[in-house]
Structure formats: structure tokens, C-alpha cells
Amino acid sequence: MRQSLPKDSNILEIEKKWQSKWEETGAYRFDWNDLERPVFSIDTPPPYTSGEFHIGLVLNWTYFDVVARYKRMRGYNVHFPQGWDCHGLPVEVVVEKANKIKKTDVPPDQFRKLCMQLVEKNIEDMKKSIMRLGCSIDWSAEYRTMNPDYWRRTQLSYILLYNKGFIYRGKHPVNWCPRCETAIADAEVEYDTRNAELHYIKFKLEEGGFLEIATTRPELIPACVTVAVNPNDERYAKYVGKSIQVPTTDRLVKIIADEMVDPKFGTGAVMICTYGDKADVKTVIKHDLPVIMCIDDKGRMTQSTGKYAGMKSEEAKKVMLADLKTQGLVDKAEPLTQEVSLCWRCRTPIEILEREQWFMKTRILTDDVEKNALEITWYPDYMKHRLIDWAKSLEWDWVISRQRVFATPIPIWYCNNCNEIILAKPEWVPIDPRTEKPKIDKCPKCGSKDFRPERDVLDTWFDSSITCAVHAGWPDRKDWHRLFPASMHPSGVDIIRTWAYYLMVRHLALFNEKPYQSCLINGMVLGTDGREMHKHLGNYVASLEVMSKYGADATRQWATAGGATGSDIPFRWPDVEYGWRFLIKLWNASRFVNDLIADFEMNDKSEHALQPLDKWILSKAERLTKKVTEALERCQFNIAIEETRNFAWHVFCDCYIEAVKDRLYKPERYGEEKRKAAQYTLYTVLYRILQLLAPITPHVTEEIYQIMYAGDKGCKSINLSPWPTPDEKLVDEEIEKHGDLIVALINEIRREKSGKHMPLNTPVKRLKIYAGSKDFAKIIAEGKEDICGTCKIENFEVVSQKGDGREVANYSDVHFVMEC
Ligand SMILES: [Zn+2]
Ligand SMILES: [Zn+2]
């Protein structure tokens, strides 16, 4: 006798129970000793430890947890680790604010300690959310990028890349955030449009007269190194090669011709400053022009600007314009919408400064990136172009040094005597040059014993872009290639240019191998109003709020059903509520089925006397299995959940269960054999539904499985049960067509009753069906028992002629007349 399912499903309690049981039993540990099963390795992105596991991350993690659970059921030994990306500016900023200090006010190791405390607290909160979502992570493989053991890997990779010639130090223009006071990479620059003013300013020609230029940044005039015009611009041809005076300075510069100048912009003559933007950088290199740095690390004007020194650029702009006006050099100003480059962390407009930095050569790998990106499977496919286009658009190498504190130290010292670079040996790492000396007696070049540390630190992406190798066990495990390249790298559409790209170039440079075989991309989660989700827009939803109200399985249904993989999806409370209602429907249906099959012997191997509707739903279940399997293979989660939910709710519950109730309740009328056939079908189809749902709604399906099926099936968890292979023999189009007609007829009779406000169990004295054809009449006659049983029909007659009466939906030739 089976245990019965309690009336109250209590989903939230069920979820918590299974989450702790799975963890206790280590159900999702990767088994290094298992050499039989194929391996599936997930390159779980270590999330940035901001402290909040927001709803966008819920979408990410749901996607790849579904993949992990599905692959386990497909017989894979799944490696699903979880790390934390700890370093970086936002943590530093919070620590600075909370302790009312600047990063330079305390020794670096003390500042670091404060950051680590904050990160630990943040991880605790985020981990709770990941567990609450029911992710089947192997927590024995947890790591933090801020721990020395991870530094060791980051620093070792630095040393290897240095020795392979991929890393160099150079003075080069870099994107600079004056608020964060650090260099940032191209990938960390965001673009936005802002309203600006285009000022028309007169420059004095040496030979007399003026040439007018247009600029949005007059404060950069002191850094003007040339004035450029288009070579095809006839208005200015005569000036090329002539000298012109830079206003507010006594410098003369030469006028040059360059095709990059747009004759239609402003006056067609522009000043080139070092540096106003990236185009200036190109012009300066091309024409070998001098560099005048007029803005410093903090975004203030430098000594080279004379009287403007010390001013912030906005202030310098005002003063400069006033000065030019006094001299009669300002003509007019026009409003202009302009694209500006912003720091992605703080949205401050960036400057382009020239500073000594460490770089990684990435552009030499662009062809390789493209080749590998084309070999990788992308879900969805078109996302590969995002990576390729980004790689091709890069004009500068990756600047990997940062002028911050909480980050992995660069394992470098300099000789104070001869400036020789001392690179750490692989066996020295982890090491912090800021607090430790190089492990050598003297400078190998000059013999000096006086060293100074590299105080710059590494970009956070330099930590997180080796995860494919680290997850696989590099550099400690000899067999790390078992898990490398990762089977799947999941990522958000917004970070293809960072995460997917940096992973690619780092691993190509280090190992000459692609890091991942497939890439799963999720879109963004939009706010409840369809706009971007922001706290200040009032459309923000906290993931824990959703999960504490409706639980993980409902939340996961929203995430998977929200839209096609890769597309942006809005957060919608009704979708989560629908998921919740579906779980209750599933619970109640399972409870009902469980009662109906209480005396059913699963191990009875005798042939069942399957009736048309039994064969009909068994065939449909096989077809569904095929569809869902194909969808999950292609990471089309929305198709998998929608198909299964529709089948479970509308085919299994609404049609099949209703149609066989009478057969189950009245064996004296239909015979024990037919009752058993219905029991067998209910048992089999419900199990199939639970299995197909298990990757997406693992908790509720587990609970039902444990009560109803675990004893028979013998797997310790439904999430470890073998994925069903569709049985082609059971798919029968004829039978489905027959069943569809019978079900349509039953539904129409029920609609007729409810249209007349009759209870569904009202007996029908007489039903006459005009089938419209011999074929239909035969099919309907075969389904007589189920039709009469379900609809309580006392006298049943079917004829093959066409006739009047109520038309059956989708079968325009079939009509019936009903007398109650
Ligand atoms: Zn910034
Ligand atoms: Zn030296």
C-alpha cells in the first residue's frame, strides 16, 4: 500500500526540506573516481560579491541549473562548482564609506582586511539565495578569488603569460576614471548620449587672420597639438602646413590635413588635443605629434595648463570660455547631442590619459578568437557574433593594471638601482610584493639589493578569466583536461565582451586551447513595467521576496517560461503566480492519482487491456518526451516548460483523468482489466510528467516521487533517475487522431452542460451523435464507454450521417443532440 500525499502541499516547507537533504547526502557532488560516466563540466561564473543575488542572477542560475540537472539524468557526471569574484572597486567604495576613510589612509593589508570582512558577509547572503533557488551546486568545490590560494593561480597565469611574451609594460593612452582614480579597460567603458554645447572658437593664424574651429571641450585647448582639416576640403587647402597660435598660450602649431576630419562637423577645422578622445590618439600616433597631459589622475587640470592648473574640467571650461570671450575669440555656441564614454562602475565620464601600465596582448589573438568562436556551440547561435564583433572592434590591448588596493597583487618588483624588472618565480606565488621581498639576494643585472614593489594591482577580470582551467583543477591536478575545455560556459548577454571574451583570450594565450565547448547566453531581466530594472524606477523586485512568497519552483518556472533563451524577459508576478498554481494543480492531481492507484501492482508485468484513450495519452506522452528532450538539448527552456505544463494540466488532468474516472470507480461495470489499464496509464504518464519537470521544478517533483515512486523505481532522487528515452513504438498518429476526436466530443458535451448551468455529473437521458462520416462514427463508437462514463450518458447513439445539433469544436462535420 502506498503512502498517501497530504492534502496540504506546503510547497515552501518541501523546498527547504529537500535543499538541506540534498546537501546532507552530497547528491550533487562531482565524482572524480568515476571513470565510467561521461563528464559534463559547467564553468559557473563566480558572481561579483556585491551582496545581492538579484533577479537577473536568478535567471542565469536557473538556466544552468536546469542544464546540470538534465545532464545528470542523461547519465553525466556533472561538475558544477561555485566561486566568488571578490576583488574590485565597489567593495572598496563601500568600505571607504562605511569606515569614513580613503584607500590610502590605512596600510594596504589593513584595508584589505576590511574589504574581506565585507565580502564574507556578502557571500553569506548571496549563498543563501543560490541555495534557496535550489541550485544543484557541488559546494565542496567552492572558492573565493580573494584567497591566497586563488591568487596563486592568477599570479601563476601572469608569470606564464609574461614569459610567453603576452604581457608588457608600456606608456600608452588608457581609459581613466577620474573618480575611481584608476585605468579601466575598453570593456569597462559604457556609452551614453548627453547634451553638450559646440563652441566656435577663433584661432589666430601666424600670417594674420583667423581660422575658426568647433569643439565641445574648450578646456582642453592648452593640450592642443595641431589643428586638422580634411585634405579634400577646398576651403582650407591653402592653410595646410601654415602655423596657427593656440589661444591662451604662446604656442604655435602646424595645420595638418587628415581624412578623419569630417568637413561637415562644425566649421570643418578641428583641434587635436592629447587627449580628447580615441580619435585624437590615432591622429597623434599617425602624425607623430607631441603629448601634453593637461588632466591628472584626479581629473584636475595640470601645471601644463598654466592658470587653469588645479581646476576640475567643468570649472576650467567656464573660466576658459570667459577668457576667450574677453579676447573676442568666441563666436557662438550650438546645442549638440554627443556620445560620451562613461566608467561602468560609477558612470563618471572617462578621460584618456597616458600612464605607464601593464598590458596583455589580446589583439594578436583576434583571428584565433574568431576561429574558436565559430567552432563553439552558442545558445542561441547568433550570440557568437557578439563575441567576434567585439574582438574585431578592439583598438587597444587589454590594460590589466589597476591603481587600487583590494585586488590580486602583480608579482613584480623593480631594482631601485638599474630599474630591472624582477618577476616572481612560479614557486614564489602567492606573494604580495607590497609586503614581501623578492626571494633573491641581489639584482641579477647590477647586483643591487635595493628593490621596490609594483604597487599597481590586477584587473578583477584577470582573476575571473581563468575559471575554465581553475574549475578543471589546473594547475594542481594532472588530470585537469578531464574537465577542460568546459562543456558549457554560461553568461549574460551584457558580459559577452568581458567574461566570454577574456576567458577566450586568456586560455588561448595560456594553453593554446579554447576554454569552453558551448556558451549559454541569457538576456536581461526587465522591470515589472518592461523597462530596465532599477531601484529608482520603482520597478525593482528582490529575488528573495519572490522566493519567500512563491518558492523556488514557481520562480524557476517564471525564469524558464519568460522567453526564448538569450532574449530579455520582464519580471512578471502573474507568471510566478501561474507557476505556483500549476504546482498546486500537479500536487492535487498526483494526490488523486495516488489514491486511485492505491492497489495497483507496479511489478505486474502482464499485458494491460489498454483502451483507446489509454493508448492516446501514452502516445502523446512519448511525443512530449521527444519534444522536451530536443528542447533541453538546444537549451530552449521555455519550450520544455510550456509543453510539459500544457500537457500535464490540459491533457492529463483536464481530459484524461476526467475521462477514466468512471472506469476506475466502477470495475463492476467495465471490468477489472480495464480498470487496471487505466491505473497503469495514470501511473506511467504521471511519472513521465514528473521526470520531464524535474530539471525545472526539482523540489515538488522530488517530494511526489519519494512518496509515490521511489519504492518501485529505486533511484534515491528523481533528479538522479535516468532520463526517459521516447519509445517510438508507442507513438501512434492514428490512435492520437481517434483520441483527439473522443476528447473533443467529451469536452463539447461538458461545455453544453455548463452552458445550460447544469452540474457536470447531470445524467444525460439520450445522446445522438451525427458523425458525418463512417470513419468518425467508428472511432466514436470505440470510445463509447469513456464518453458515456465521463458524461453520464444513459442512451448513446452514433450515426454516420451528417445532422443538426451542437457542433464539436474543430470537427465541423460532427454534431450531437442531447436530452437530459
Ligand atoms: Zn569610476
Ligand atoms: Zn639592478
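Scroll up a little and you will see the structure.
Before going into details, it helps to say that this report is about the structure given with it. Just so you know, these numbers come straight off a predicted model, no measurement behind them.

About the thresholds
- Residues numbered from 1 in each chain as written.
- Chains lettered and ligands numbered in written order.
- Predicted model: local features only at pLDDT ≥ 70, side-chain atom pairs only at ≥ 80, totals over all residues.
- Heavy atoms only, no water.
- Helix = DSSP H or I, 4+ residues; strand = E, 2+ residues; numbered from the N terminus.
- Contact = heavy atoms within 4.5 Å.
- Lys, Arg positive; Asp, Glu negative; His and termini not counted.
- Charge placed at Lys NZ, Arg CZ, Asp CG, Glu CD.
- Phe/Tyr/Trp six-rings, centres within 6.5 Å; stacked < 30°, edge-to-face > 60°.
- Lys NZ or Arg CZ within 6 Å of the ring centre and 35° of its normal.
- Donors = N, O, S within 2.8 Å, 3.2 Å for Na, K, Ca; no water.
- Tetrahedral: all angles 85-135°; square planar, octahedral: opposite > 155°, others 65-115°.
- Buried < 20%, exposed > 50% of the residue type's maximum accessible area, 1.4 Å probe, protein only.
- Salt bridge = Lys/Arg side-chain N within 4 Å of Asp/Glu carboxyl O.
- Pairing = 2+ DSSP bridges.
- Right-handed = clockwise from strand over helix to strand, strands pointing away.
- Axes fitted to C-alpha atoms, helices over the stretch in contact; angles between N-to-C directions.
- Expected span 1.5 Å × (residues − 1).

### Some points on the overall build of the chain
Link 1 in the chain: The helix and strand inventory of the chain stands at 23 helices and 29 strands.
Link 2 in the chain: Dimensions of the chain along its principal axes, counting C-alpha atoms only, are 110 × 65 × 45 Å.
Link 3 in the chain: Once local pairs closer than 6 in sequence are excluded, the contacts in the chain between residues at least 24 apart make up 78%.
Link 4 in the chain: Considering the chain, the positive charge centre built from 116 side chains and the negative charge centre built from 120 side chains are found 2 Å apart.

### Points about the packing of aromatic side chains
Link 1 in the chain: As enumerated under the stated definition, the model contains 39 aromatic pairs in all.
Link 2 in the chain: When the centroid spacing of 5.7 Å and the interplanar angle of 65° are considered together, the rings of Tyr 550 and Trp 580 count as edge-to-face. Of this pair, Tyr 550 sits in helix 13 (residues 543–561) while Trp 580 sits in helix 14 (residues 573–596), placing them 30 residues apart in sequence.
Link 3 in the chain: Taken together, the aromatic side chains of Tyr 158, Tyr 162, Trp 344, Trp 358, Trp 398, Trp 461, Phe 462, Trp 499, Tyr 501 and Tyr 502 make up a single cluster linked through ring pairs.
Link 4 in the chain: Between the NZ or CZ atom of Lys 21 and the centre of the ring of Trp 18, over which it lies, the distance is 5.2 Å.

### With respect to the coordination of the zinc ion (ligand 2)
Link 1 in the chain: Summarising the metal site, the zinc ion (ligand 2) is bound by the protein donors Cys 415 (SG), Cys 418 (SG), Cys 443 (SG) and Cys 446 (SG), whose distances to it range over 2.2 to 2.3 Å.
Link 2 in the chain: Geometry at the zinc ion (ligand 2) is tetrahedral, judged from the four donor atoms that bind it and their angles of 103 to 113° at the metal.
Link 3 in the chain: Counting along the primary sequence, the residues that act as donors to the zinc ion (ligand 2) give the motif C-x2-C-x24-C-x2-C.
Link 4 in the chain: For Cys 443, a relative accessible area of 2% gives the class buried.

### Some words on the coordination of the zinc ion (ligand 1)
Link 1 in the chain: Coordination of the zinc ion (ligand 1) by the protein is provided by Cys 177 (SG), Cys 180 (SG), Cys 343 (SG) and Cys 346 (SG), with metal-donor distances spanning 2.2 to 2.4 Å.
Link 2 in the chain: Counting gaps between the donor residues of the zinc ion (ligand 1) yields the pattern C-x2-C-x162-C-x2-C. Placement of the pair is Cys 177 in strand 5 (residues 167–177) and Cys 346 in the loop between strand 13 (330–343) and strand 14 (351–360), with a sequence separation of 169 residues.
Link 3 in the chain: According to the relative accessible area criterion, Cys 177 is buried, its value standing at 0%.

### Observations concerning the pattern of salt bridges
Link 1 in the chain: The final tally for this structure, using the stated rule, is 74 salt bridges.
Link 2 in the chain: Across the salt bridge formed by Asp 138 and Arg 29, the nearest N and O atoms sit 3.8 Å from each other. On the criterion of sequence distance, the pair formed by Asp 138 in the loop between helix 4 (108–132) and strand 4 (142–144) and Arg 29 in the loop between helix 1 (11–25) and strand 1 (39–41) is long-range, its members being 109 residues apart.
Link 3 in the chain: Judged by its relative accessible area of 35%, Arg 29 falls in the partly exposed class.

### What to know about the pairing of strand 7 (residues 189–205)
Link 1 in the chain: In this structure, strand 7 lies alongside strand 13, joined through 13 bridges in antiparallel fashion. In the sheet register, Glu 197 faces strand 13, and the bridge partner there is Pro 335.
Link 2 in the chain: Adjacent in sequence and paired antiparallel, strand 7 and strand 8 (residues 210–215) are bridged by four residues, among which Gly 208 carries a positive phi angle near 105°.
Link 3 in the chain: Direction of pairing for strand 7 relative to strand 10 (residues 243–245): antiparallel, over a ladder of two bridges. Pairing of Lys 204 across the sheet is with Gln 245, part of strand 10.

### A word on the pairing of strand 22 (residues 489–492)
Link 1 in the chain: Here strand 22 shows a buried face lined by His 489 and Ser 491 and a second buried face lined by Pro 490 and Gly 492.
Link 2 in the chain: For the segment spanning strand 22, helix 12 (residues 496–511) and strand 23 (residues 518–522), crossover handedness is right-handed.

### A look at the sheet that holds strand 22
Link 1 in the chain: Read across the open sheet, the three strands follow the order 15-23-22; overall the sheet is parallel. Because the sheet does not close on itself, it has two edges, and the strands there are strand 15 (377–379) and strand 22. Strand-to-strand twist of the sheet, defined as the mean angle between neighbouring strand axes without regard to direction, takes the value 20°.
Link 2 in the chain: Two strands pair when backbone bridges link them, and strand 22 and strand 23 are joined in this way by four bridges, in the parallel orientation.

### Here's the deal with unusual backbone geometry
Link 1 in the chain: Residues Thr 274 and Tyr 275 are joined by a peptide bond in cis, for which omega reads -5°.
Link 2 in the chain: The residue Tyr 275 is located in the loop between strand 12 (269–273) and helix 6 (278–287) in this model.
Link 3 in the chain: Cis peptide bonds are those with omega within 30 degrees of zero, and the linkage from Tyr 379 to Pro 380 qualifies with -5°.
Link 4 in the chain: Here Pro 380 is to be found in the loop between strand 15 and helix 9 (384–393).

### Digging into the side chain of Arg 645
Link 1 in the chain: Looking at the secondary structure, you find Arg 645 in helix 16 (residues 637–665).
Link 2 in the chain: Once residues lying within four places of it in the same chain are set aside, the contact partners of Arg 645 are Gln 557, Ala 561, Tyr 578, Gly 579, Phe 582 and His 650.

### Let's talk about helix 4
Link 1 in the chain: In this model, helix 4 (25 residues) spans 36 Å end to end at C-alpha, consistent with the 36 Å of a helix rising 1.5 Å per residue.
Link 2 in the chain: Those residues of helix 4 that fall on the buried side of the exposure criterion are Phe 111, Arg 112, Cys 115, Val 119, Asn 122, Ile 123, Met 126, Ser 129, Ile 130 and Arg 132.
Link 3 in the chain: Among the residues trailing helix 4, Gly 134 stands out with phi positive, at a value near 80°.

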